[in-house]
Structures are given as structure tokens and as C-alpha cells.
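Coordinate inspection notes
Here's the letter readout for the chains.
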Amino acid sequence: MSGPVQQEMEKLLEEAFRPTKLQVINDSAKHHGHSGDDGSGESHFTVVIEATAFADKNRLERQRMVNHALGDIPGQRVHALAIQASAPTA
């Protein structure tokens with residue numbers, strides 16, 4: 001079951017990129033008791049996203065685009081966010 005932060009992230013990314021592939025994976029249980037675990041169960045995530053918007057962009061540009069689309073979630077409401085962003089292959 002996904003929580004409210006995960007659902008918000010999915011919605012924001014869908015709206016911003018209309019991805020061909022999207023997975024927002026909650027990794028928080030792996031980090032229970034570690035630094036950044038706020039006890040909410042929504043502190044660590046991995047985003048796997050594929051969208052045409054990432055074509056001709058390097059890895060850093062893609063990560064910045066995802067972070068921008070997520071607004072205040074990374075760094076303020078989520079402690080850690082791993083991003084795997086790619087463009088569809090022909």
C-alpha cells in the first residue's frame with residue numbers, strides 16, 4: 001500500500017512528464033532506525049521514470065527535472081530520493 005507522499009509524488013510526475021514508465025518505490029523500511037528515518041514510513045524513495053522529456057538530456061539534467069517537478073518533497077518531506085530517469089528507446 002502506498003502512503004500520501006508516494007501518491008503525491010506519482011501524481012506530480014505523471015502530470016509533469018506523462019511517462020511511458022513510472023515506479024515510485026518506497027525504500028523506507030530498509031532504512032528503519034538510520035539517519036533520516038523520521039518514523040513516517042515515507043522517508044526514502046527510488047523513482048524509476050521513462051519519458052520523452054528526458055531525450056537529449058544528461059543524467060544531471062534529468063535528475064534536476066525530476067526534483068523540480070517534485071517541488072518541496074525532496075530534501076524537506078523526504079530524506080532520500082534515488083532517481084533513475086531515462087528516455088524511451090526507439
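Our subject is the structure listed above.
Residues numbered from 1 in each chain as written. Predicted model: local features only at pLDDT ≥ 70, side-chain atom pairs only at ≥ 80, totals over all residues. Heavy atoms only, no water.

**Some thoughts on the packing of aromatic side chains**
Tallied over the entire structure, the rule returns one aromatic pair. Aromatic pair Phe-17 and Phe-54: ring centres 4.9 Å apart, planes at 40°, arrangement tilted. Within this pair, whereas Phe-17 is found in helix 1 (residues 4-17), its partner Phe-54 is found in the loop between strand 2 (44-50) and helix 2 (59-70), the two being separated by 37 residues in sequence. With a relative accessible area of 0%, Phe-54 lands in the buried category. (Phe/Tyr/Trp six-rings, centres within 6.5 Å; stacked < 30°, edge-to-face > 60°. Helix = DSSP H or I, 4+ residues; strand = E, 2+ residues; numbered from the N terminus. Buried < 20%, exposed > 50% of the residue type's maximum accessible area, 1.4 Å probe, protein only.)

**Some words on the sheet that holds strand 3 (residues 80-86)**
Sheet strands pair by backbone hydrogen bonding; their relative direction is either parallel or antiparallel. Strand order in the open sheet made by the three strands is 1-2-3, with mixed pairing throughout. Looking at strand neighbours, the two that pair on one side only are strand 1 (21-26) and strand 3, the edges of this open sheet. Averaged over all pairs of adjacent strands, the angle between their axes in this sheet comes to 10°, without regard to strand direction. Sheet topology note: the strand 2/strand 3 ladder contains seven bridges and is parallel. Bridge pairing links Ile-49 to Ala-85 in strand 3. Relative to the sheet, helix 1 contacts strand 1, strand 2 and strand 3, its axis offset from that of strand 1 by approximately 160°. (Pairing = 2+ DSSP bridges. Axes fitted to C-alpha atoms, helices over the stretch in contact; angles between N-to-C directions. Contact = heavy atoms within 4.5 Å.)

**Description of helix 1**
Helix length check: helix 1, at 14 residues, gives a terminal C-alpha distance of 20 Å against a target of 20 Å (1.5 Å per residue), a fit within 8%. Residues of helix 1 that are buried include every one of Val-5, Gln-6, Met-9, Leu-13 and Phe-17, and no others. Angularly, the buried residues of helix 1 cover 100° about the axis, an arc narrow enough to put them on a single face. In helix 1, those exposed residues whose orientation departs by more than 90 degrees from the buried face are Pro-4 and Lys-11. (Expected span 1.5 Å × (residues − 1). Arc of directions from axis to C-beta.)

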